Amino acid sequence: SAGRPARPRFGARLPQGMLWGMHYEPPRQEKRKDPSGCLETITISRMIVSILLVPLTLIIGGIFAVLIALFLLTIHPLFALLFVLGAVLLLMIAARWEARRVGRERPPNEL
């Protein structure tokens, strides 16, 4: 059989990392030269936390305020009323502070 190519010897390497009659060996890849992206991940995580910090604090604080108000209500209704008034006052102060802070960061649109 002169027209048939000769069979390579056992274990000889073929293209794309194949071993004759054995197993597939993936081609070796060069090491990546670009950075791993750790700094970008930290930056994105920090931005997300800074965006969600105020709303999450208000939600969790509101839940604790309701629990404390219910507990104070079991002691005396006046204590619960004073606590609720204090919480509303703190919420108003925080809302004004946040409105001023956002107002400084975003100047009014000029038309």
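The model shown is predicted, which means the values in this text are computed figures rather than measured ones. (Residues numbered from 1 in each chain as written. Predicted model: local features only at pLDDT ≥ 70, side-chain atom pairs only at ≥ 80, totals over all residues. Heavy atoms only, no water.)

**Let's talk about the overall build of the protein chain**
Across its full length, the protein chain carries two helices and zero strands. Nonlocal contacts in the protein chain, meaning residues at least 24 apart in sequence, comprise 6% of its contacts between residues at least 6 apart. Looking at the protein chain as shown, the accessible area adds up to about 10700 Å², and 70% of this sits on carbon and sulfur atoms. (Helix = DSSP H or I, 4+ residues; strand = E, 2+ residues; numbered from the N terminus. Contact = heavy atoms within 4.5 Å. Areas by Shrake-Rupley, 256 points an atom, 1.4 Å probe, with all protein chains shown as cover.)

**Looking at the environment of L58**
Within the secondary structure, L58 sits in helix α1 (residues 38–75). What makes L58 partly exposed here is its relative accessible area of 48%. (Buried < 20%, exposed > 50% of the residue type's maximum accessible area, 1.4 Å probe, protein only.)

**A look at α1**
The end-to-end C-alpha distance of α1, which contains 38 residues, comes to 52 Å, matching closely the 56 Å that a straight helix rising 1.5 Å per residue would cover. Along α1, the sharpest change in direction is near 40° and occurs at L53; proline P55 comes one to four residues later. (Expected span 1.5 Å × (residues − 1). Bend = angle between axes of the 7 residues up to and from the residue.)

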